[in-house]
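# Understanding the architecture of this molecule
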Amino acid sequence: MEDEAYVRVLRESLEKKVELLQLISQENEVQAKVLKDPMSTPDELQTTMDHKDGWVEQISTLDDGFSVIFDKVKPLLADQKDKYRDDISAMKDLVRQITDLTTLVRKQEQENYRLVEQKFAGIKKQVKKIRKSQSAVSNYYKTMNGGYDSQFLDKSK
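Below: a short report on this structure. (Residues numbered from 1 in each chain as written. Predicted model: local features only at pLDDT ≥ 70, side-chain atom pairs only at ≥ 80, totals over all residues. Heavy atoms only, no water.)

### Here we look at the overall build of the protein chain
For the record, the criterion: Helical segments are the DSSP runs of H or I of at least four residues, strand segments are the runs of E of at least two, and each set is numbered from the N terminus. Contacts are assigned to residue pairs with any non-hydrogen atoms lying within 4.5 Å of each other. Areas reported as accessible are Shrake-Rupley estimates using a 1.4 Å probe. Residue values count occlusion only from the protein chains shown.
Within the protein chain, the secondary structure is distributed over three helices and zero strands. For the protein chain, the sequential pattern of α-helices and β-strands runs α-α-α. Put simply, of all contacts in the protein chain between residues at least 6 apart along the chain, 83% involve residues at least 24 apart. When the accessible surface of the protein chain is totalled, it reaches about 12,000 Å², and 54% of it is carbon and sulfur.

### A few points about helix H2 (residues 42–79)
What counts here: The span expected for a helix works out to 1.5 Å for each residue beyond the first. To get the bend at a residue, fit one axis to the 7 residues ending there and another to the 7 starting there, then take the angle between the axes. Note on exposure labels: buried denotes an accessible area under 20% of the residue type's maximum, exposed denotes more than 50%, and partly exposed covers the range between, all computed with a 1.4 Å probe on protein chains only.
Counted at 1.5 Å a residue, the expected span for H2 with its 38 residues is 56 Å, and the 54 Å between its end C-alpha atoms agrees. The axis of H2 is deflected most strongly, by about 45°, at valine 73, and proline proline 75 appears within four residues downstream. Among the residues of H2, Leu45, Thr48, Lys52, Trp55, Ile59, Ile69, Val73, Leu76 and Leu77 are the ones counted as buried.

### Things to note about the nonpolar core
Note the threshold: Nine residue types can take part in a nonpolar core, namely buried Ala, Val, Leu, Ile, Met, Phe, Trp, Tyr and Cys, and a core is a set of them joined through side-chain atoms within 4.5 Å.
In this structure, Val7, Leu21, Val73, Leu77 and Met91 are the most contacted members of the largest nonpolar core, which totals 19 residues. Of all the secondary structure elements, the ones that give two or more residues to this core are helix H1 (2–36), H2 and helix H3 (85–144). If one sorts the elements of this core by residue count, H1 sits on top with seven residues. Setting aside anything within four residues of it in sequence, one finds methionine 91 in contact with Val7, Leu10, Arg11, Leu14 and Leu77.

### Examining the packing of aromatic side chains
So the rule is basically this: Only centres within 6.5 Å qualify two rings of Phe, Tyr or Trp (six-membered ring in Trp) as a pair; their planes then separate them into stacked at under 30 degrees, edge-to-face at over 60, and tilted for everything else.
Throughout the structure, instances matching the rule amount to one aromatic pair. When the ring of phenylalanine 66 is compared with that of phenylalanine 70, the centres are 5.8 Å apart and the planes differ by 10°; the resulting orientation is stacked. Placement of both phenylalanine 66 and phenylalanine 70 in helix H2 is noted, with a separation of four residues, approximately one turn of the helix. Residue class for phenylalanine 66 comes out partly exposed when judged on its relative accessible area of 21%.

### Remarks on the side chain of serine 40
Put simply, the rule is: Throughout this description, a polar contact denotes any pair of N or O atoms lying within 3.5 Å of each other; where both atoms belong to protein, one of them has to be capable of donating a hydrogen while the other can accept it, and for residues adjacent in sequence the pair is counted only when both atoms sit in side chains.
Structurally, serine 40 can be placed in the loop between H1 and H2. Separated by 2.7 Å, the side chain of serine 40 and the backbone oxygen of valine 34 make a polar contact. At 2.9 Å, the side chain of serine 40 and the backbone oxygen of aspartate 37 are in polar contact.

### Remarks on the packing of H1 against H2
Defined as follows: Only the stretch in contact is used when fitting a helix axis, every axis being a line fitted to C-alpha atoms; angles between N-to-C directions are given from 0 to 180 degrees. Throughout, the term roughly parallel applies to angles under 35 degrees, roughly antiparallel to angles over 145, roughly perpendicular to angles from 65 to 115, and oblique to all others. Each crossing gets its handedness from the near helix: less than a right angle anticlockwise from the far helix is left-handed, clockwise is right-handed.
At a minimum axis distance of 8 Å, the contact between H1 and H2 shows a crossing angle of 160°. Regarding the angle of H1 to H2, the classification is roughly antiparallel. Handedness of the H1/H2 crossing: left-handed.

### Re the side chain of lysine 17
Positionally, lysine 17 belongs in helix H1. Classification of lysine 17 as buried rests on a relative accessible area of 17%. Setting aside chain neighbours within four positions, we find lysine 17 in contact with Ile59, Leu62, Asp63 and Ile98.

### What about the pattern of salt bridges?
The test is simple: Salt bridges are defined as contacts in which a side-chain nitrogen from Lys or Arg sits within 4 Å of a carboxyl oxygen from Asp or Glu.
This structure, assessed with the given rule, holds nine salt bridges. Between aspartate 63 and lysine 17 there is a salt bridge; the shortest N-O distance is 2.9 Å. Residue aspartate 63 is located in helix H2, and its partner lysine 17 is located in helix H1; the two are separated by 46 residues in the primary sequence. For aspartate 63, a relative accessible area of 30% gives the class partly exposed. Residue arginine 114 pairs with glutamate 111 through a salt bridge whose shortest N-O separation is 2.2 Å. With arginine 114 and glutamate 111 both in helix H3 and three residues apart, the pair spans about one turn of that helix.

What follows is the structure in structure tokens.
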């Protein structure tokens, strides 16, 4: 009976991983919208990253637990394939879903990384433009307030 509980835990662990990967994929879509929106704030981007970090941490914990339990149950599953046929089949399907979702998430992450690079390149251009404008204003201010060289002044008066 204890063996069946271990097999059930393995299956539930894979189901939870599928659920978490789906959440990460959905959050990647939200993150892409934030990155494409010129009016978005860094806080909005950070919120999406925080959500994903929490889910990735949960996946890591699940993976660690899965490995420990699988090592215990692996001989049982090999010896009693007929008894656990449905569970093994379901877990194979879940592993396929996990593989597909992982591929999708990686693709989304690469696209979002590209969007982040574009957004920061745009911000750098804006900063450069602002600095240039500030420099021009500063030079104008100096000129208008007597900050010009004395060699250009008419000393005959």
